[in-house]
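In case you want the letters, here they are:
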Amino acid sequence: LGGILLFSTSVFAHTMPSSETTLIRDFTPTVRAEIKLGDKFSKIHDRLGDSFKTKVEDLDFFRRIDWHFYQDSFYTVTSIRNTKSHEELPIYGYDLTSVEFHTPSGFVPSMKFKEVKKKYGAANIKETAKNGNTLHIYTFKDVPRSMTFEVDKKGKVVRISTRTDV
């Protein structure tokens, strides 16, 4: 029984919660903005201001909309027939390369990946990117979502990405 409890605890301790995909931008020590996947872009726009550049790409039956905020980007995917304003569409993922945002645990690009692994254990999937970096992909049981840490050969996180399967 002790072995079963130890195994159960170990598995739980090595599972990143989906809430880790929440992004936080600190404006001051007491003022911050939180961005969650599924938030409408209008909510993010209200919190971060007008520093976005929009890119729209039509792909067969789907439309991908990217909102670039300096070095980072947020995106959504919708039907090409969807006539809603881009402001009303939910965010399905993001791609971070700057330290403008952090996760609830303080994870940012430029940190050592061993800090992520120390807190949550090994990722569910480990792949090699085309550029030779290693992709550590965490998946979640409660939502169809993943979080990827792209790590260079020195062990430094160079990109944090999320994706929601739609």
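It should be emphasised that the depicted structure is a prediction, and the values quoted were computed from it without experimental measurement.

1. Examining the pattern of salt bridges
- Considering all chains together, one arrives at 9 salt bridges under this definition.
- Close ionic contact of Arg64 with Asp66 constitutes a salt bridge, the shortest N to O distance being 3.0 Å.
- Taking the relative accessible area as the measure of exposure, Arg64 reaches 26% and is therefore partly exposed.
- Look at Asp66 and you get buried, because its relative accessible area is 7%.

2. Looking at the environment of Phe101
- Here Phe101 shows up in the loop between strand 6 (93-96) and helix 3 (113-120).
- Separated by 77 residues in the primary sequence, Phe101 and Ile24 have C-alpha atoms spaced 5.4 Å apart.
- When sequence neighbours within four positions are dropped, the list of residues in contact with Phe101 reads Leu23, Ile24, Arg25, Ile35, Leu48, Phe69, Asp72, Phe74, Leu96, Phe107 and Val108.

3. Regarding the nonpolar core
- With 31 residues, the main nonpolar core has Met16, Phe74 and Phe149 as its most contacted residues.
- Listing elements by their share of this core, those giving two or more residues are helix 2 (41-48), strand 4 (62-69), strand 6, helix 3, strand 9 (145-151) and strand 10 (157-164).
- If near-sequence neighbours (up to four positions away) are discounted, Met16 is found in contact with Phe107, Val116, Tyr120, Tyr138, Phe140, Met147 and Phe149.

Basis of the calculations
Residues numbered from 1 in each chain as written. Predicted model: local features only at pLDDT ≥ 70, side-chain atom pairs only at ≥ 80, totals over all residues. Heavy atoms only, no water. Salt bridge = Lys/Arg side-chain N within 4 Å of Asp/Glu carboxyl O. Buried < 20%, exposed > 50% of the residue type's maximum accessible area, 1.4 Å probe, protein only. Helix = DSSP H or I, 4+ residues; strand = E, 2+ residues; numbered from the N terminus. Contact = heavy atoms within 4.5 Å. Core = buried A, V, L, I, M, F, W, Y, C linked by side-chain atoms within 4.5 Å.

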